[in-house]
Amino acid sequence: MRERRGSRDEDRQGRQDQGGSSPETRGSLLDAIRGVKWPALRPVGGVLPGAHHSRLRGAAPELSEYRVYRQGDDPKRIDWRLLARSDRAYIRLTEDRSIVPTMLVVDATASMAFPERSLAKWRAACDIAIGLAAVAHTSRDPVGMVVVSASGMRQLPSRTRRGIVGELARALDDIAPGGTLPIAPAMSGMQVRIRVAVISDFLGDAADVRRRAGEIAAAGGEVHAVHVVADAELDPPRRSVLAVDPEDASLARPFFAESRAAYLERFAAWRSELSASWRAEGLSYTLARVSEPAEWVVRRVAGAALGMGRAVPPDARSEVR
Amino acid sequence: MSFAAPVFAWVGVAVALALVALHLLAWRRPPTIPLPTARFAPEAPARMVSPAVRPADLALLALRVLLVGLISAALAGPRFPSRAHSTARVMVVDRSHGPEAWSEIDRTARSAFRPGDALVLFDSVARQVRNPTADSIAATTVSESGSMSAALILAIRAATELQRARDSVEIVVVSPFGSDEMDAASASIRRIWPGRVRAVRAGAPPNDTTPARRVDVRARPGDAVAAALALAGTTSPGAVRVIRDAITPVDGAWARDGGAVVVWPAAAPEGWQIRAAIDTAFGVTVISAASASPTGSARPATVVAPFARRVAPPPGQVVARWDDGDPAATELALGAGCVRSVAVDVPTTGDLALTPAFRRFAEQLARPCVSSRVWMPVSDSVLSAVLPASILPDSIVHLPARHDSQSDSSIAAWMLAAAMAAALVELLVRRGAANATA
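Keep in mind the model is a prediction, meaning the values are calculated, not measured. Counting restarts for each chain: residues are numbered from 1 in the order of the written sequence. Throughout, the order in which chains and ligands are written sets their labels, letters from A for the former and numbers from 1 for the latter. The predicted nature of this model means local features are confined to residues of pLDDT at least 70 and side-chain atom pairs, given and counted, to a pLDDT of 80 or more, with totals for whole chains, interfaces and linings taken over all residues.

A. Focus on the overall build of chain A. The secondary structure listing takes helices from DSSP runs of H or I that are at least 4 residues long and strands from runs of E that are at least 2 residues long, numbered from the N terminus. Each helix and strand counted, chain A has 11 helices and 10 strands in total. Expressed as a percentage of its 321 residues, the buried residues of chain A come to 43%. Within chain A, counting contacts between residues at least 6 apart in sequence, those at least 24 apart form 76% of the total. Remark: C-beta atoms are placed from the backbone, and a residue is labelled buried if 20 or more other C-beta atoms sit within 10 Å of its own, exposed if 12 or fewer do, or partly exposed between those counts. Our contact criterion uses C-beta atoms placed from the backbone: two residues qualify when those atoms are within 7 Å.

Below, the structure is given as structure tokens:
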């Protein structure tokens, strides 16, 4: 009877963790995020025309201001009509818009394969990655992806072509989470002034990932941390169980009344510390519960450019909702 | 099947239940679930106490319950009813005599005892042993004197209870049948029980061959007390010496060896307290002088006559009193015997000493010590009169030794052996389970 009750608990937990969508139902996700913009956190320095404000000023049709012609300026930019009216040579200054190459770093280690039956944590991470890719692709940003799994790092370079989102989705569907490889090496060798979104549970090399993210940000890029947390991790079973870390079978901890309370306290403190450390370096941090729709997470991540100045606690997700 | 000591059976049941409860609360590993954030739980032993609906280690539990059951059953002493025991018996065993007599009583009673018999042990008091075994015969203390009447009352009560479940019940009395154990009520109590009573004499030879000795009197010729004792023909199974003069060291040593020295001085002896006023008493009674006899001669003896009271006897146990209650004779224990001091001044003139009342009075005073262990077995004729068998003409039988109790003892031994075997198997199974777990 206890086994049947335990099975019912797992089924209930599994239903709670049905956060991810199947490949067939991702159309609804893409519909839900249609029109969502993911602006860069700060003006970018790219030269290719795009949707993000550029630090460069060029010959875009949108006028910003006039400036007196100086030697060395391109004579093509002289406003000849103004010169005719005022007999002074001015050049038109316009605000350029540029693209931001976006790279999604997706954690596919063993800790993401949770719960074992539904893999809801992994599927939620996939949906978030596809949603962010779609949003970035809408802004004509090149989108690429690095997936860290048991089979190693699988990298898809940034592309702007039409079917790149579908390619990313198919690549994610082909991957089974597992292994214990670190994520930080996947963030090495990336170009400067890039936008990186790390979708992970940060239970591996979280410190190295944050350090590498800081380096990218210092080089002019921007990094978004999307912390995926399963509901079973936030509310573990109340019955007596022996919890085993899927990435380390030797790490087994019993759960009963006292240890459960201590677990909740420690886990909350760790999440607060993780959030504070990311934000302290000017990085974006978003907590994503598996049970909430992926479009909500995508909208929060995309809106981070507007709220970077505001400190949002990691557990205030429901308030944001 | 019944148990000689059911408390062990109940204890075994309780221990078995406790074992089952412990197996339901065994230390075990709880069900394992994967949890990526398990590292945030505090470290604790992976094994914990957890209740379960089904007991763990059924084989071990069965072996342990079997082990406890065998041990408790062996200690409880199982007994199985037998057709040969359809006749219930009430064993009445005398415990009122010394170790020298007890060894034979014990042996005889054990040989006569059968499982299922009721057991009544008696000395000065009688008590029935619940769920008796052969070993219960020795489980009591030995008192100085015995009361056959009390034992018969309890035996008849036990026999009445047994009669409800058995076809026939008989009472078997194992005793040396000393004269001090019988009283006037013994025969009447025996007649209350209509069934058979078998008297088994053990611990002493029949007194028909016990020689009785005459009382030794040291007095001047023509002494009134000596004449009275001579007329009474007093004999004593113990050693009694009546002296009409002062007690000597030889008399004291003789008393220490177990004799009864009756100091009945003709003249006021030295050391005795002189009464404040010499007066006259008109009666004296012996209230407790010596061990009783089955013939009833230990009745109080009273002499009604004028006696001049000059001295008072030394302090001691009062054995005779004047008509006003003052002590007339006392007894003091000395070694294994006693010294009885009689402060009754027998008049030298007249025929008082020749009267039957005075003869009985002197006879009672010339009996062995109250505390003397010297006892006299009643004769077979007296025993037949007091405890007649209802059917057999010869009620005094000697029972053959039986060995029925050995069968139950062997069952207990086999149970203990099986328990040892179960303990060995349990050890092997436990080691095997530990190796499998490791």
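Here the narrative resumes, following the displayed structure.
B. Local environment of the overall build of chain B. When you go through chain B residue by residue, the secondary structure sums to 10 helices and 22 strands. Buried residues in chain B amount to 37% of all 438 residues. Put simply, 75% of the contacts in chain B that link residues at least 6 apart link residues at least 24 apart.

C. Broad picture of the interface of chain B and chain A. Facing the 20 residues of chain B at the interface are 30 residues of chain A. Grouping the amino acids of the side of chain B that touches chain A by side-chain chemistry returns 14 nonpolar, three polar and three charged. The pairing of strand E8 (residues 241–245) of chain A with strand E3 (residues 32–34) of chain B spans three bridges and is classified as parallel. Across the sheet, residue A:Leu242 finds its bridge partner in E3(B), namely B:Thr32. Any residue outside Ala, Val, Leu, Ile, Met, Phe, Trp, Tyr, Cys, Pro, Asp, Glu, Lys and Arg is labelled polar, Gly included; the first ten of those are nonpolar and the last four are charged. Pairing between two strands is assigned when DSSP locates at least 2 bridges connecting them.

D. Fine view of the confidence of the model for chain B. All names here are of chain B. Residue-level confidence of the predictor, termed pLDDT, takes values from 0 up to 100. Chain-level statistics for chain B give a pLDDT mean of 79 and a share of 80% at 70 or above. For the stretch residues 289–297, pLDDT sits under 50, and the model shows 26 contacts to residues farther than four places along the chain or on other chains. At the level of chain-chain contacts, confidence expressed as ipTM amounts to 0.78, with global pTM at 0.47.

E. Layout of the sheet that holds strand E9 (residues 168–175) of chain B. Residue and element names in this part refer to chain B. Spatially, five strands are ordered E8-E7-E6-E9-E10 in an open sheet, and the strand pairing comes out mixed. Either end of the sheet is taken by a strand with one partner, and the two such strands are strand E8 (126–129) and strand E10 (196–201). Going from strand to strand, the sheet's axes swing by 20° on average, the running direction of each strand aside. Pairing geometry for E9 and E10, over six bridges, is parallel. Pairing of Ser175 across the sheet is with Arg201, part of E10. Fitting a line to C-alpha atoms yields each axis, with helices limited to the stretch in contact; the angle taken between N-to-C directions then spans 0 to 180 degrees. Sheet contacts for helix H4 (residues 148–163): strand E6 (87–94), strand E7 (118–122), E8 and E9; angle to E7, the most-contacted strand, approximately 170°.

F. Geometry of the nonpolar core. Ranked by internal contacts, the top residues of the largest apolar core, which has 69 residues, are A:Val105, A:Ile128, A:Ala129, A:Val198 and A:Ile199. At 13 residues, helix H4 (residues 120–138) of chain A tops the list of elements feeding residues into this core. Remark: nonpolar core denotes a set of buried Ala, Val, Leu, Ile, Met, Phe, Trp, Tyr and Cys residues whose joining runs through C-beta atoms within 7 Å. Among the nonpolar cores identified, the runner-up in size contains 45 residues, and B:Val90, B:Ala151, B:Ile171 and B:Met182 belong to it.

G. Structural detail: unusual backbone geometry. All names here are of chain A. The amide bond that connects Phe114 to the next residue, Pro115, takes the cis arrangement and shows omega of -10°. Within the secondary structure, Pro115 sits in the loop between strand E3 (102–107) and H4. The phi dihedral of Arg140 is positive, around 60°, even though this residue is not glycine. Following the sequence through the fold, Arg140 ends up in the loop between H4 and strand E4 (143–149). The partly exposed category is assigned to Arg140, around which 16 C-beta atoms lie within 10 Å. At Phe202, a residue that is not glycine, the phi angle is positive and equals roughly 55°. Topologically, Phe202 is positioned in the loop between strand E6 (195–200) and helix H6 (206–218).

H. The arrangement of the sheet that holds strand E10 (residues 284–289) of chain A in detail. Residues and elements named next belong to chain A. Pairing in this open sheet of six strands is mixed, and the strands run E5-E4-E3-E6-E7-E10 from one edge to the other. Every other strand in the sheet has two partners, leaving strand E5 (152–159) and E10 as the edge strands with one partner each. This sheet shows a mean twist of 15° between the axes of neighbouring strands, independent of strand direction. Sheet topology note: the E6/strand E7 (residues 222–229) ladder contains six bridges and is parallel. For Val198, the partnering residue across the bridge sits in E7 and is Ala225. Seen against the sheet, H4 touches E3, E4, E6, E7 and E10 and runs at an angle of roughly 180° to E3. Along the sheet face, H6 touches E6 and E7 and points at about 155° away from the line of E7.

I. Highlighting H4(A). Residue and element names in this part refer to chain A. Here the expected span of a helix is defined as 1.5 Å times the quantity of residues minus one. Between its terminal C-alpha atoms H4 stretches 27 Å, which fits the 27 Å expected from 19 residues at 1.5 Å a residue. The buried fraction of H4 is high, at 18 of 19 residues. A positive backbone phi angle near 60° is found at Arg140, which sits one or two residues after H4.

J. Structural context of helix H8 (residues 257–280) of chain A. All names here are of chain A. Its 24 residues give H8 an end-to-end C-alpha distance of 35 Å, which sits within 8% of 34 Å, the value for a rise of 1.5 Å per residue. All of the buried residues along H8 are Ser259, Arg260, Tyr263, Arg271, Ser275 and Trp278. Of the residues one or two after H8, Gly282 is the one with positive phi, at around 75°.

K. Structural context of the pairing of E10(B). Taken across its six residues, E10(B) has five buried, putting it largely inside the fold. Crossover connection from E9(B) via helix H5 (residues 184–192) of chain B to parallel E10(B): handedness right-handed. Consider the strands pointing away from the viewer: the crossover is right-handed when the path from the first strand over the helix to the second runs clockwise.

L. Layout of the packing of helix H6 (residues 224–232) of chain B against helix H8 (residues 356–365) of chain B. Residue and element names in this part refer to chain B. At a minimum axis separation of 9 Å, H6 and H8 run at an interaxial angle of 95°. It follows from the interaxial angle that H6 and H8 lie roughly perpendicular. Within the contact between the two elements, H6 uses Val225, Ala228, Leu229, Leu231 and Ala232 and H8 uses Phe358, Arg359, Ala362 and Glu363. Within the contact of H6 with H8, the residues separate by chemical class into seven nonpolar, no polar and two charged. When describing relative orientation, an angle under 35 degrees is termed roughly parallel and one over 145 degrees roughly antiparallel, while 65 to 115 degrees is termed roughly perpendicular and anything else oblique.

M. Seen up close, the environment of B:Asp123. Residue and element names in this part refer to chain B. With respect to the secondary-structure elements, Asp123 resides in the loop between E7 and E8. Asp123 sits in the buried class, given 21 other C-beta atoms within 10 Å. For the pair Asp123 and Gly146, spaced 23 residues apart in sequence, the C-alpha separation works out to 3.9 Å.

N. Broad picture of the packing of H4(A) against helix H9 (residues 294–302) of chain A. All names here are of chain A. Here H4 crosses H9 at 50°, and the two axes come no closer than 9 Å. Overall, the two elements H4 and H9 adopt an arrangement that is oblique. Here H4 runs over H9; the crossing is right-handed. Where H4 approaches H9, its residues Ala124, Asp127, Ile128, Gly131, Leu132 and Val135 are matched on the opposing element by Ala294, Glu295, Val297, Val298, Val301 and Ala302. Looking at the contact of H4 with H9 residue by residue, the class counts come to nine nonpolar, one polar and two charged. By convention, the crossing between two helices is left-handed when the near helix turns anticlockwise from the far helix through less than a right angle, and right-handed when the turn is clockwise.

O. Representation of the pairing of strand E14 (residues 240–243) of chain B in the model. All names here are of chain B. Residues Val240 and Val242 line one face of E14 and the alternating positions Arg241 and Ile243 line the opposite face, and both faces are buried. Note: strand E12 (residues 216–218) against E14, three bridges, orientation parallel. The residue bridging Asp216 from the neighbouring strand is Arg241, located in E14. Relative to strand E15 (residues 260–263), E14 is paired through four bridges, and the arrangement is parallel.

P. Structural detail: the confidence of the model for chain A. All names here are of chain A. Per-residue confidence for chain A averages 82 on the pLDDT scale, and 82% of its residues sit at or above 70. Taking the mean pLDDT of every element in chain A, the minimum, 34, falls on helix H11 (residues 317–320) and the maximum, 95, on E3. Every residue in residues 1–18 scores below 50 in pLDDT, and together they form 23 contacts with partners more than four places removed in sequence or on other chains. Considering only residues more than four positions removed or in separate chains, one finds that residues 308–321, a stretch of pLDDT under 50, has 16 contacts.

Q. How the structure looks around the environment of A:Arg195. All names here are of chain A. Turning to its location among the elements, Arg195 is positioned in strand E6. The exposure class of Arg195 is buried, given the 26 C-beta atoms found within 10 Å. If sequence neighbours within four positions are ignored, Arg195 has contacts with Ala40, Val100, Pro101, Thr102, Gly221 and Glu222.

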